[in-house]
Structure formats: C-alpha cells, structure tokens
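Structure at a glance
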Amino acid sequence: MKQYIAAFGLILLTAFGTTAQIKFEHITLDEAKAKAKLEKKPIFVDVHATWCGPCKRMAATAFVDPVVSTYYNEHFINVKIDGEKEAEGGPKTMMECGISAYPTLLYINPDGTLFRKLVGGQEAGTLLKRAKEVVDPTSSPLLQARKVYYSSKKETADLKTYITVMIADEADSVDVFAETYYTTAKTLNLADQVDFYAFYKSENNATSANGIYFLEHFDLFPPIVYTDKIKAWINY
C-alpha cells in the first residue's frame, strides 16, 4: 500500500511539474504589441540566449513556479525572444530596448510603452511582485514616489527622496537621476546612501574634492566598492 501511495504521489508531482510553467509565445515584439492592443493585456518578454546560464536557471525555477506561472498566464502575453536570432526579432529588440545583457526582462503596457526593465536572473518572489505592479500600478512604491516627485518643486531634497526609493526598487533609470542629483547638490556626505550612490555612479574625476576624500578614506568603504571605483577611474 505504501509503495502504491508513493508511486501515485510521484505521478501527481510529475504531472503538476510539467503543467506549471509560464506559457511563452515565440513571436516578435511588434507582433506581441499588436496582440496586446487587441486583448488589452500587458506583455512580459524574456530576452535570452541559448548559452546564458542565468537564463536557464530562471527557466528551470522561477518560470515553473505554480503561483508565478498561473499569474503570468492569466494576466500577460508572455513572449520569449532569443536576442541573437534575427527570425525572432532579437537584435532589433536588443537595440530598441537598450539591452546589453542576458537575461533582460521587459514589462510592457498594453499601449506598447515600457513599464519596467529588469536585468539578470530573478527569483520567483521578485517576478510575482513585479508582475503585480504592472497589473495594479498603485501597488508600486516606485510609481507612487514618481508621482510625488513630479508634482513637487523638484528641489534637491525632493530628488533625493525619489532616488532613495529608486535605489531600493532597483529602478533601471536611477543612474540618470543620480547624475542630476550629483551635479545639483551643493554638498555631499559620502556616508549617506544616496550621496554616495550619486558619487559612485557619476564622479569621473579622481582629483575632485569628493574623489580625493574617497581616496584618502579607504577604510570607510567596502574594499570591493573602493577597488571597483578606482578601476573605473583608471579605465575612464
């Protein structure tokens, strides 16, 4: 009896394991956008490559998560595009969306505008969170912060508050705003998260006041951060 139950359980696990997966369509991005307008559904795009390790891991884990796959199949037009295949419009998508690494995940609104771009392999929990933000934008701290910022006077303090949320959210456009902050802030405290982020991403001059402070106070910063910034200066 125990052997029968165990065998039956294995059959059930196998069955559920094969059905729980995001159902991807192999169409071009342009075709997906046309379909999205008709169906009034957002698009999820996995831009990958056959040799990409993180792509394969995500496909074998997060994409077959029962909760994630059910949610994506219900709410999205899911598309897989090999970034290196002309037949799938890969190179065109790479160029139009500014993609330079695999995997890159695109969340696109039904009207064809880009909602979010994620770079790198993602866990199931992150995929579910990001998907729900697309379906219900009011659940996104980033979008709420964006509304507050654009309705403000856009002063340095307003920008800093917005960047704080962007850093926590890993927003793809945070570096652009960080550069603006770095060029407009009158003084910087490199012990502050936003100030240091802006410095780290934007300062290309090692002999500036902030650059000299950074070089002379290596003990205040994580070794890998310190060495990576010096390497970036050398290669600039």
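Residues numbered from 1 in each chain as written. Predicted model: local features only at pLDDT ≥ 70, side-chain atom pairs only at ≥ 80, totals over all residues. Heavy atoms only, no water.

1. Notes on the sheet that holds strand β1 (residues 43-48)
Here is the rule: Between any two strands, pairing holds if DSSP finds at least two bridges. Numbering of helices and strands runs from the N terminus; a helix is a DSSP stretch of H or I covering at least four residues, while a strand is a stretch of E covering at least two. Under this scheme, a helix contributes an axis fitted over its contacting stretch, all axes are lines through C-alpha atoms, and angles between N-to-C directions fall in the 0 to 180 degree range.
Within the open sheet, the four strands sit side by side as β2-β1-β3-β4. Their pairing is mixed. Pairing within the sheet leaves two strands with one partner each, and these edge strands are β2 (77-82) and β4 (114-119). Across this sheet, the average inter-strand angle for adjacent strands is 15 degrees, counted without regard to direction. Alignment of β1 against β2, held across six bridges, turns out to be parallel. Across the sheet, F44 pairs through a bridge with N78, a residue of β2.

2. Section: the packing of aromatic side chains
The line we're drawing: Pairing of aromatic side chains requires ring centres within 6.5 Å, counting the rings of Phe and Tyr and the six-membered ring of Trp. Pairs whose planes differ by under 30 degrees are stacked, by over 60 edge-to-face, and all others tilted. For every residue, the accessible area obtained with a 1.4 Å probe (protein chains only) is divided by the maximum for its type, and the residue is called buried under 20%, exposed over 50%, and partly exposed between those limits.
Taken as a whole and judged by the stated rule, the model has 24 aromatic pairs. With a centroid separation of 6.4 Å and 55 degrees between ring planes, the pair formed by Y72 and Y107 is classed as tilted. Here Y107 lies in strand β3 (residues 104-108) and Y72 lies in helix α4 (residues 66-75), a separation of 35 residues in the sequence. For Y72, a relative accessible area of 0% corresponds to the buried category. For the ring pair F196 and Y200, a centre distance of 5.8 Å and an interplane angle of 35 degrees mean the geometry is tilted.

3. Brief notes about the packing of helix α11 (residues 209-216) against helix α12 (residues 223-235)
Which entries qualify depends on this criterion: Roughly parallel here means an angle under 35 degrees, roughly antiparallel means over 145, roughly perpendicular means 65 to 115, and every remaining angle is called oblique. Handedness of a helix crossing follows the sense of rotation of the near helix relative to the far helix, less than a right angle counterclockwise being left-handed and clockwise being right-handed. Here a residue-residue contact requires only that any non-hydrogen atoms of the pair lie within 4.5 Å. As a working rule, the residues Ala, Val, Leu, Ile, Met, Phe, Trp, Tyr, Cys and Pro are called nonpolar, Asp, Glu, Lys and Arg charged, and the rest polar, with Gly in that last group.
Viewed as axis vectors pointing N to C, α11 and α12 meet at an angle of 135 degrees, and their least axial separation amounts to 11 Å. Taken together, the axis directions place α11 and α12 in an arrangement best described as oblique. In this structure, the crossing between α11 and α12 has a hand that is left-handed. Only V225, Y226, K229, I230 and W233 of α12 make contact with α11, whose side of the interface consists of G211, F214 and L215. Split by residue class, the contact of α11 with α12 holds six nonpolar, one polar and one charged.

What is shown is where atoms sit, not what they do.
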